[in-house]
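Listed here are the chains, written in short residue letters.
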Amino acid sequence: MADKTIASKVWAFFTSVKLAVALFALIALTSIIGTVIEQNALPEKNVKLFAKLFGTANAETAYKTVSSLGLTDMYHSWWFTAMLVCFCANLTICSIDRLPRIKRVVDEPLKPLDISEFDKYGIKKELTINGDIETAKAAALTAIKKLGMTAEAADHTTQFYAHKGRYTRYAVYVIHLSIVLILLGAFFGATFGFTGFLSLPEGETSAVAYTRQGDEHPLGFSIRCDSFTVSFYGTSDMPKDYASWLSIIEDGKTVLKKSIGVNSPLKYKGYTFYQSGYGVVREKDAKSLIILNVTPKGGKSEQISLAVGESFKIPGTDIAGTVSAFSPALAFDKNDQPYTYTENMNNPAVYVEFTSEEKGKYSGWIAKRYPQTWKLPDGSAVELVDNWGYQYTGLQVRKDPGVWVVYAGCLFMAIGLYCAFFLSHKKIWVLLKPEKTKVQVKVAAFTNKNKTGYESVINSVFDRLAR
Amino acid sequence: MGSPILFGIAEVGYFVAMMVYIGYFIFKGKAVGVAATVVAVAAFLSQTAALLFRWLESYGMGIGRAPLTNLYESLIFFVWCLMLGYLIIEFKYKNRTFGAFVTPLAGLALGFIDLTGISKEIEPLVPALQSNWLLAHVTMSFISYSAFGLAFATGMLYLVLSTEKRTEPSYIFWTVAGSVFFILLAAMGADFLKFKVIGTSPETIKSYLFRATFRGGGPAALLSFIASAAVIFSVWRYGHVLKRMLSSFGMTLDFLEDINYKVVAVGFPIFTLGGLIFGAIWADQAWGVYWSWDPKETWSLITWLVYAFYLHARYLRGWRGNKIAVLSSIGFITVIFTYLGVNMFLSGLHSYGES
Ligand code: HEM
């Protein structure tokens, strides 16, 4: 007996709309704190913040208090989670509690009205139609049809009535369900998913990704970066696009090859690899290659890969070139002197020394983004196509089994919002009372949303009948 | 004619429209009202053309994208939506009064752009921003923000008309919130006068915002705070004058309340879908996380909760009148904070280099 009252008390507590309104306020207010105190940051950052707010003397104590309350990682703290759980419970229980009542309203059959009831409705109208009862009936039926409804006729009075959109009353429950779905999906993803990263130099293969703390996380397959490129806007250093060519390897076999870019990730076996960054490989090994496109004057071009220090020949000529230096980002200053302006691969260039029996020796920089540097004095061209093995691609790696639940929730929410705010349950009754040469018409109507809108539609449809 | 000139015309146009709407509000007179509408419509058309030109120009520069991607463009778009929404309401309801309360919002946004020195260049986009989800997200967010802006204006008007006593919390709320908006507008006007018209703008300052007043240091700052307190006090003291002026326009409380709910009912679903859901989908595609609790996201969520609170309080607890009007005003203040405060105030708190 006591159990039952406790259970029903808990139930009653969670059906309360007051609780919902309180939770809205509580979640909103506590969230504000989380935007002021930097989350998951190094302690010094927040200590500095508190020094600004409360003075240097109190900063340490303030930090200790705040972090013991979980406020430095508050969206994952037990109490914030508890609030979200309460919110979910509130939403679910409140909805379940009210659903039978709404179902009754939805299922309630529409009945003809008593004449006296016509005046009780918020939207009402009276008019006369010239002609006999049959013309009036036809007119009333077309009017109702114009409103997008199918009329039913009453048995005993000359009355038509119709309704539409009664199921839109469930729309808010679809919205509420969608919120629960989104929260469940997020919870599911956080519990069974994985978020980490992987920096993969060109040519390297990895069977693991890394968590934020730096721990290894086995993927169950291997991933290799075949190549990586960045392109820039015009002559600026603003990246326009960057892309990686990736291979998935299982049991020594390449099972999938795909290029990815920002906003277009690679998905495999529940893992998604996002292009999130790139960088320069610090410890280069012998594998790094320079890729040149060599075109003898009037001849066909040929691709050549070689390492810095190695030599090549321009086919069909006696010209030989030796790549003797590399710069990641070459530029020329005012006096046309070359210099390297950044460590990033913004404009890779190689210094090539050419020897030819006819023309003697000459040398110069060939830069990827400066086509004017590709031409040789004899009319051949050497283009720097790419440098391979010099850069790594930065991948964000994620496995989120809950994301589909979240997306389903979003879809439901969109549908629910549309139905709840832009559709409504509408009813109408039209009573015809024949007189000698005309018919008196009484209209009553009801809608659960946007009364003025419905009223003006009814006015315009029925005013046309009266004319 | 390039887009900067057209934007300039629009900007001046909106300021003139603001003056004329306020003039209409004070002196009535049908001709003044018509003039206000004509100026507002002309400015709006000029701005529309400017937006299209800017779009074309970006193609000319080989960038080719809708003018909706940086702070400057989004504020301009906000003003455009706000004025479109306002003009629709003006034509539909044949009522000009609250133009005097909407145009200052447009003026505030435009003045803010000019004084903070936000870059107006058409800039290429870094890869993460080249996304249609992002475009939909920004467009819909700003449509909903302007709906919320209209709700704010009607909410404030409602409070002006409905409150009686100076000790009422709602009266204090509208007088304080209204004066703060007025003070911000006036302070921007002072910046304009000092740095743009008289033109003693020091080249070294990138942002002129409030340099003539609150951030001017020394006596200027002190004076500004004293003047602000005086403004707040006199608005509070003489607020009923505004009420008397307003009530002669025959705007009923029901009308204001109706508009207030209608624009929120349009803004809320658009904000949910565009502001939250599309934003999350974009983040998911670009970064691999659909929600990361960063301050901007969190403030969007707070804004959303405020309007959800509004809907539930109204629908389920039967809140009407003052409480609802206050809620819709608070909602728009959180919108402003989400958009500007997070960038300016919170990132200021978290940056340690400069004061
Ligand atoms: C942020 C989350 C929520 C959103 C976005 C939301 C959305 C909505 C919307 C749009 C309506 C329709 C209101 C109107 O017609 O003006 C509604 C109604 C309602 N909401 Fe929520 N809601 C949320 C959370 C909650 C919670 C936590 C409860 C828990 C009690 C709740 C209980 C209700 C109830 C009982 C109704 C009335 C349904 C009816 O017509 O019977 N909502 N909600």
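Residues numbered from 1 in each chain as written. Chains lettered and ligands numbered in written order. Predicted model: local features only at pLDDT ≥ 70, side-chain atom pairs only at ≥ 80, totals over all residues. Heavy atoms only, no water.

1. Concerning the coordination of the iron atom of the ligand
Around the iron atom of the ligand, the donor atoms from the protein are A:His176 (NE2) and B:His312 (NE2), and they sit 1.9 to 2.0 Å away. Taken together, the six donor atoms surrounding the iron atom of the ligand define angles of 88 to 179° at the centre, an arrangement classified as octahedral. In this pair, A:His176 is assigned in helix H7 (residues 171-192) and B:His312 in helix H9 (residues 295-315), connecting two distinct chains. (Donors = N, O, S within 2.8 Å, 3.2 Å for Na, K, Ca; no water. Tetrahedral: all angles 85-135°; square planar, octahedral: opposite > 155°, others 65-115°. Helix = DSSP H or I, 4+ residues; strand = E, 2+ residues; numbered from the N terminus.)

2. Things to note about the side chain of A:Thr342
Residue and element names in this part refer to chain A. Inspection of the secondary structure puts threonine 342 in the loop between strand E16 (338-340) and strand E17 (349-356). Take threonine 342: its relative accessible area is 19%, and that puts it in the buried class. Apart from residues lying up to four places away in sequence, threonine 342 is in contact with Pro328 and Ala329. (Buried < 20%, exposed > 50% of the residue type's maximum accessible area, 1.4 Å probe, protein only. Contact = heavy atoms within 4.5 Å.)

3. With respect to the domain arrangement of chain B
Residues and elements named next belong to chain B. Domain assignment breaks chain B into domain 1 (1-67) and domain 2 (68-118 + 130-353). Using C-alpha coordinates to define each centre, domain 1 is positioned 20 Å away from domain 2. Looking only at domain 1, the three residues that lose the most surface to domain 2 are Tyr21, Phe25 and Phe44, adding up to 26% of its buried area. Counting the contacts that link domain 1 with domain 2 gives one salt bridge. The salt bridge involving arginine 54 is made with glutamate 73; its shortest N-O contact spans 2.7 Å. Applying the counting criterion to the domain 1 and domain 2 interface returns seven residue pairs in polar contact (both at pLDDT 80 or more). If you list the elements that add at least two residues to the side of domain 1 that touches domain 2, you get helix H1 (3-27) and helix H2 (30-60). The element that contributes the greatest number of residues to the side of domain 1 that touches domain 2 is H1, accounting for 11 residues. Classifying every residue of the side of domain 1 that touches domain 2 by side-chain character gives 17 nonpolar, four polar and four charged. (Domains from an automatic or database assignment. Buried area = accessible area lost by both parts, 1.4 Å probe. Salt bridge = Lys/Arg side-chain N within 4 Å of Asp/Glu carboxyl O. Polar contact = N/O pair within 3.5 Å; in protein donor to acceptor, adjacent residues only side chain to side chain. Nonpolar A, V, L, I, M, F, W, Y, C, P; charged D, E, K, R; others polar.)

4. Topic: the pairing of strand E3 (residues 159-164) of chain A
Residues and elements named next belong to chain A. Where strand E2 (residues 152-153) lies against E3, two bridges are found, and the strand directions are antiparallel. In the strand pairing of E3, glutamate 152 is matched with tyrosine 161. Two successive antiparallel strands, E2 and E3, enclose a turn made up of five residues. Relative to strand E21 (residues 426-434), E3 is paired through six bridges, and the arrangement is antiparallel. Opposite tyrosine 161, over in E21, you have tryptophan 429 as the bridge partner. (Pairing = 2+ DSSP bridges.)

5. Comments concerning the environment of A:Thr157
All names here are of chain A. Among the structural elements, threonine 157 can be located in the loop between E2 and E3. What makes threonine 157 partly exposed here is its relative accessible area of 36%. Note: C-alpha distance between threonine 157 and leucine 431 (274 residues apart in sequence) is 7.7 Å.

6. Here we look at the pairing of E17(A)
All names here are of chain A. In this sheet, E17 lies alongside strand E14 (residues 320-327) in antiparallel orientation, the contact comprising seven bridges. In the strand pairing of E17, alanine 320 is matched with threonine 355. Bridge count between E17 and strand E18 (residues 360-367): eight bridges; the pairing is antiparallel. The partner of phenylalanine 354 across the bridge, within E18, is tyrosine 362. Adjacent in sequence and paired antiparallel, E17 and E18 are bridged by three residues.

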